[in-house]
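Survey of secondary and tertiary structure
What follows is each chain in one-letter form.
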Amino acid sequence: MAPTVFPPTDGPTTMNLVANDQEASAGGRPTEPLTPYVQRLAQRVRAFDRRHPLLWDLHFTGFWVTAALIDHLGGGWRTTTHNPDTPGRLLLALSLGLSVPLLLRRTHPAAALLVLTPFALVNAWTGAALQAALLHLVVVYHIALRLPLRDLWWATALVLTPVAVSTARHGEGDWSQQIGSQLTSVVVAVLIGITVRTRRNYTEALEDRARRLEIERDQQARIAAAAERARIAREMHDIIGHNLSVITGLADGGAYAAAKSPERAVQALDAIATTSRQALGELRRLLDVLRDDESTRPAELTPQPTLTDLEHLVDGVRAAGLPVHTTVEGRATLPAGRQLTVYRVVQEALTNTLKHAGPDAAAEITLSYGDKGAVTVTITDTGEPGTTVPGDGRGLPGMRERTTLYGGTLEAGPRPHPERGWRVHLHLPEETPQ
């Protein structure tokens, strides 16, 4: 009767020792100090095996070849043999033939079993009954671990054939007992292989998921960084573009008035200084927020512009030489985000008028506030036809991006004939209840 044996797990096993650690922690029990040590040791052994697979295969195969030769030379085979008169050369050939093919068990397990089978049949036919014949269970374990499970059918048939031959030729023991014992050994080897295989696939799936989560995290970080860069670009454009346009208008007016009215030139210079300081202050606050050096002083958290700052904005544009008329309908009850959107759209529209409308242009702003955060803003100017089209910068895209955040609409284009100039129309609908 062939004894039931468990195939050794050659090489570093893929059973993840972290699971035991997690189970112990989940139950509220402290982790054993030995667990992390064993885990690190297993990881090092697996890493070494991945770097030098042949070295482990040689050691494993050499161990079983040595054991088979000791069984032959030491006479241990006589305790289980059916034929004590088996020639020594045949015993030596069988001992090597049943152990050396283990070298192929990981890379070519099916080929290893096919090489082992003739020696197992000769071992059964001659009655030598060497214990090395049990090593084919190691190969069966690797077939269950590495090959499609359908290969287990023919592998099982090959393993049971020598047992049937031995039982039929030498007639010792009951057929069902001999075949059942060997089949039990095969089933145990297959179950161990499938268990290790399942655990390995589960571990690989977790590692793959972790890698994908890391990639997704990096992508989200890049998307957030790109969105932040776009937001900063919009703010820089609004701050620099508007204030430089005002400064340019004041400088041109001051240069024109310097010869005839020095007092007006001094006023223009004062306005330039005030506008420049305001622009520098806004830029400094924006750049302070971008600093990631914790040793620097905290950024000055000044609120973003709101509708209450529109009057100051309009006064600056008027000082730059652009007449602006403002009409307000209703009462402003907008949240801070919507107020900033309205402010930036008005700022961009007036800046474009300063740049492109010409010296004799005038602007008009109409604000109509509705209920629940609804607002409609219209900015028109009387610039020369074809002269108030904004450039290809960030102005209009920035206004549309701000408007889209609140589900609004933005229209920008020339005023219909016979009127001249440019028209910007912003509408933000009522806030949707959360």
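Here's a quick rundown of the structure. Here the structure is a predicted model, which is why all the values come from computation and not from measurement.

Counting its regular elements, the chain contains 12 helices and five strands. When the 434 residues of the chain are sorted by exposure, 39% land in the buried category. Contacts spanning at least 24 positions in sequence make up 73% of the contacts within the chain whose residues lie at least 6 apart. Of the roughly 24,700 Å² that the chain leaves accessible, carbon and sulfur atoms contribute 60%.

Glancing now at helix H3 (residues 53–73). Look at H3: 30 Å from first C-alpha to last across 21 residues, which is about the 30 Å you get at 1.5 Å a residue. Buried positions along H3 lie against helix H4 (88–97) and helix H6 (136–146). Just downstream of H3 lies Gly 75, where phi reads positive at about 80°.

The interhelical angle for the contact between H3 and H4, taken along N-to-C directions, is 160°, at an axis separation of 9 Å. As far as their axial angle goes, H4 and H3 are roughly antiparallel. Crossing handedness for the pair H3 and H4: right-handed. Residue-level inspection shows Val 65, Ala 68, Leu 69 and His 72 of H3 in contact with H4, the latter providing Gly 88, Leu 91, Leu 92, Ser 95 and Leu 96. Per-class residue counts for the contact of H3 with H4 are six nonpolar, three polar and no charged.

With that out of the way, let us pick up the packing of aromatic side chains. Pairs of aromatic rings are described using the distance from one ring centre to the other and the angle between the two planes. Counted according to the given criterion, the structure contains two aromatic pairs. Ring centres 6.5 Å apart and planes at 70° place the aromatic pair Phe 60 and Trp 64 in the edge-to-face group. With Phe 60 and Trp 64 both in helix H3, this residue pair falls four residues apart, about one helical turn. By relative accessible area, which is 23% here, Trp 64 ends up partly exposed. Aromatic side chains Phe 63 and Trp 64 sit 5.0 Å apart centroid to centroid with 80° between the ring planes, which places their arrangement in the edge-to-face category.

Here the focus is unusual backbone geometry. Phi is positive for Ala 129, close to 55°, though the residue is something other than glycine. On the secondary structure map, Ala 129 appears in the loop between helix H5 (109–126) and H6.

Let us now look at the sheet that holds strand S1 (residues 324–329). Taken together, five strands build an open sheet; the order of strands is S1-S2-S3-S5-S4 and the sheet is mixed. The sheet is open, and its two borders are formed by S1 and strand S4 (409–414), each paired with just one other strand. Neighbour-to-neighbour, the strand axes of this sheet turn through a mean angle of 10°, independent of strand direction. Across six bridges, strand S3 (residues 375–381) lies against strand S5 (residues 422–428) in antiparallel orientation. In the strand pairing of S5, Thr 376 is matched with His 427. The sheet contacts of helix H10 (residues 310–319) involve S1 and strand S2 (363–369), and relative to S1 the element is tilted by about 160°. Sitting on the sheet, helix H11 (residues 336–356) touches S1, S2, S3, S4 and S5, and the angle it makes with S3 is about 10°.

What counts and what doesn't
- Residues numbered from 1 in each chain as written.
- Predicted model: local features only at pLDDT ≥ 70, side-chain atom pairs only at ≥ 80, totals over all residues.
- Heavy atoms only, no water.
- Helix = DSSP H or I, 4+ residues; strand = E, 2+ residues; numbered from the N terminus.
- Buried < 20%, exposed > 50% of the residue type's maximum accessible area, 1.4 Å probe, protein only.
- Contact = heavy atoms within 4.5 Å.
- Areas by Shrake-Rupley, 256 points an atom, 1.4 Å probe, with all protein chains shown as cover.
- Expected span 1.5 Å × (residues − 1).
- Axes fitted to C-alpha atoms, helices over the stretch in contact; angles between N-to-C directions.
- Parallel < 35°, antiparallel > 145°, perpendicular 65-115°, else oblique.
- Left-handed = near helix turned anticlockwise from the far one by under 90°.
- Nonpolar A, V, L, I, M, F, W, Y, C, P; charged D, E, K, R; others polar.
- Phe/Tyr/Trp six-rings, centres within 6.5 Å; stacked < 30°, edge-to-face > 60°.
- Pairing = 2+ DSSP bridges.

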